[in-house]
Amino acid sequence: MDAKAPHHDLVIYSGGMDSFTLLHVLAFHHRRRCGNLDNFHVISFDYGQRHSKELEYARKETLRLGLSPRHHVVDLRVLSPLLQGSALTTPHIPVPEGHYAAESMRRTVVPGRNTIMLAIAMAYAESLTLRESVRGRATVHYGAHAGDHHIYPDCRPDYIDAMRVAYQQATDGHVSLMALFGDLDKAGILREGRAVGLVPDDYARTWTCYKGQEMACGVCGSCNERREAFQALGWEDPALAWEKDLPG
Ligand SMILES: [Zn+2]
């Protein structure tokens, strides 16, 4: 690669704990490598999810990191009529409670969600490589992790490998796809965060719960998985601190 050609990093960031950790881990390494975050970009998607809390958290965090000018929130709500049938996008379908292994959790699969997001991220990353006199390269970073494999086909290694090939073919190798946490569970992700200096209180700036109440509900699959991950590290989850005050 030409020494003058920039290498852009583009992170898909939802505002949840996985992509929050990914954002921080990548920003840490990008800053170390480049000295600044000028070629570090963030993209989020509004796909008509039940609540916009995650996105509010995402916007606040990129503002805090000085990344707002390079953070785009793509409004996919125009697609909502085509993506019905998931508890995350259809108000009358209840959000299932329990664990991800449960069959009911399939109700949280949003049709084509990751494929749509990865296609748009690829296009944006490719456009970033075209903006300088010397064509650069870009990597799109995606927060899929092993804990998601069971119910979400578009988080499994075979899917990620296939998309990697699609990126290569579609951009002549100028844009690549990376899922840094592809082999990790949620506790493993927290350990990666800890390695770059994140502490439990930092996760108060994330929203993982599928419900959009004032506090995280503590009973949806997302809350359960998150609680177990924090427990594995001996950490207290600031989002579920209210549970300590419950009687009994
Ligand atoms: Zn919840």
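Provided above is the structure to which this section pertains.
Asker: Help me understand the overall build of the chain in this model?
Answerer: From N to C terminus, the chain includes six helices and five strands. Across the chain, the fraction of contacts at a sequence separation of at least 24, relative to all contacts at a separation of at least 6, is 71%.

Asker: Explain the coordination of the zinc ion to me, please; I cannot follow it from the model alone.
Answerer: Ideal values differ by geometry: the angle at a metal is 109.5 degrees with four tetrahedral donors, but 90 or 180 degrees with six octahedral donors. The protein atoms that coordinate the zinc ion are Cys209 (SG), Cys217 (SG), Cys220 (SG) and Cys223 (SG), at distances spanning 2.3 to 2.4 Å. Around the zinc ion sit four donor atoms; with metal-centred angles ranging over 103 to 116°, the donor geometry is tetrahedral. Of note, the zinc ion draws all its donor residues from one chain, in the sequence arrangement C-x7-C-x2-C-x2-C. Each member of the pair, Cys209 together with Cys217, is buried.

Asker: Got a minute to help me understand the pattern of salt bridges in this structure?
Answerer: A side chain with one charge can pair with a side chain of the opposite charge if their charged atoms come near. Tallied over the entire structure, the rule returns twelve salt bridges. The residue Arg77 makes a salt bridge to Asp46 at a minimum N-O spacing of 3.4 Å. With Arg77 in the loop between strand S3 (71-75) and helix H3 (113-129) and Asp46 in strand S2 (residues 40-46), this residue pair connects regions lying 31 residues apart in the sequence. When its relative accessible area of 46% is taken as the criterion, Arg77 is described as partly exposed. Accessibility expressed as a relative area gives 14% for Asp46, which makes it buried.

Asker: Before we go on, may I ask you to explain the packing of aromatic side chains in this structure?
Answerer: For any pair of aromatic rings, the description rests on two quantities: the centre-to-centre distance and the angle between the ring planes. In total, this model carries five aromatic pairs according to the counting rule given. Plain terms: the ring middles of Tyr57 and Trp207 are 5.8 Å apart, the flat faces sit at 45° to each other, and that makes the pair tilted. Placement of the pair is Tyr57 in helix H2 (residues 53-64) and Trp207 in the loop between helix H5 (186-195) and helix H6 (221-232), with a sequence separation of 150 residues. This pair shows no difference in class: Tyr57 is buried, exactly as Trp207 is. An aromatic cluster of at least three residues, connected via ring pairs, comprises Phe20, Tyr203, Phe230 and Trp235.

Asker: Looking at this structure, I do not really get the layout of surface pockets. What am I missing?
Answerer: Empty space among the atoms becomes visible once a probe the size of a water molecule is rolled across them. Empty space within the largest pocket amounts to approximately 150 Å³. In terms of lining, the largest pocket is formed by Tyr57, Ala204, Thr206, Trp207, Glu214, Met215, Ala216, Pro238, Ala239, Ala241 and Trp242. Among the residues forming the lining of the largest pocket, the class breakdown is nine nonpolar, one polar and one charged.

Asker: In this structure, what is going on with the packing of helix H1 (residues 17-34) against H5? I would like to understand it.
Answerer: Between H1 and H5, the shortest axis-to-axis distance is 9 Å and the interhelical angle comes to 30°. Classified by the angle their axes make, H1 and H5 are roughly parallel. Of the two possible hands of crossing, H1 and H5 adopt the one that is left-handed. Contact residues: Met17, Asp18, Thr21 and Val25 in H1; Lys186, Ile189, Leu190, Glu192 and Gly193 in H5. Classifying every residue of the contact of H1 with H5 gives four nonpolar, two polar and three charged.

Asker: I'm lost on the nonpolar core in this one. Help?
Answerer: Looking at soluble globular proteins, one finds that nonpolar side chains tend to be buried together. In this structure, Leu118, Val140, Tyr142 and Tyr167 are the most contacted members of the largest nonpolar core, which totals 38 residues. Elements with a minimum of two residues in this core: strand S1 (7-12), S2, H3, strand S4 (137-141), helix H4 (157-171) and strand S5 (175-178). Ignoring any residue separated from it by four or fewer positions in sequence, one finds Tyr142 in contact with Leu22, Asn114, Leu118, Asp154, Cys155, Tyr159, Ile160, Leu177, Met178, Ala179 and Leu180. Residues Met17, Phe20, Leu22 and Leu67 belong to the second largest nonpolar core, which totals 25 residues.

Asker: Sorry, what's going on with the side chain of Arg70 here?
Answerer: When you line up the elements, Arg70 lands in the loop between H2 and S3. Asp38 provides the closest opposite charge to the buried, unpaired Arg70, separated from it by 4.6 Å. Polar side-chain contacts of Arg70 include one of 3.4 Å to the backbone oxygen of Asp38. With residues up to four places along the chain from it excluded, the contact list for Arg70 reads Leu37, Asp38, Phe40, His41 and Val42.

Conventions we followed
Residues numbered from 1 in each chain as written. Predicted model: local features only at pLDDT ≥ 70, side-chain atom pairs only at ≥ 80, totals over all residues. Heavy atoms only, no water. Helix = DSSP H or I, 4+ residues; strand = E, 2+ residues; numbered from the N terminus. Contact = heavy atoms within 4.5 Å. Donors = N, O, S within 2.8 Å, 3.2 Å for Na, K, Ca; no water. Tetrahedral: all angles 85-135°; square planar, octahedral: opposite > 155°, others 65-115°. Buried < 20%, exposed > 50% of the residue type's maximum accessible area, 1.4 Å probe, protein only. Salt bridge = Lys/Arg side-chain N within 4 Å of Asp/Glu carboxyl O. Phe/Tyr/Trp six-rings, centres within 6.5 Å; stacked < 30°, edge-to-face > 60°. 1 Å grid on protein atoms, 1.4 Å probe; cavity = no way out; pocket = protein on both sides within 12 Å on 5 of 7 lines; lining within 4 Å. Points joined across faces, edges and corners; volume = space filled by probe spheres on them. Nonpolar A, V, L, I, M, F, W, Y, C, P; charged D, E, K, R; others polar. Axes fitted to C-alpha atoms, helices over the stretch in contact; angles between N-to-C directions. Parallel < 35°, antiparallel > 145°, perpendicular 65-115°, else oblique. Left-handed = near helix turned anticlockwise from the far one by under 90°. Core = buried A, V, L, I, M, F, W, Y, C linked by side-chain atoms within 4.5 Å. Lys, Arg positive; Asp, Glu negative; His and termini not counted. Polar contact = N/O pair within 3.5 Å; in protein donor to acceptor, adjacent residues only side chain to side chain.

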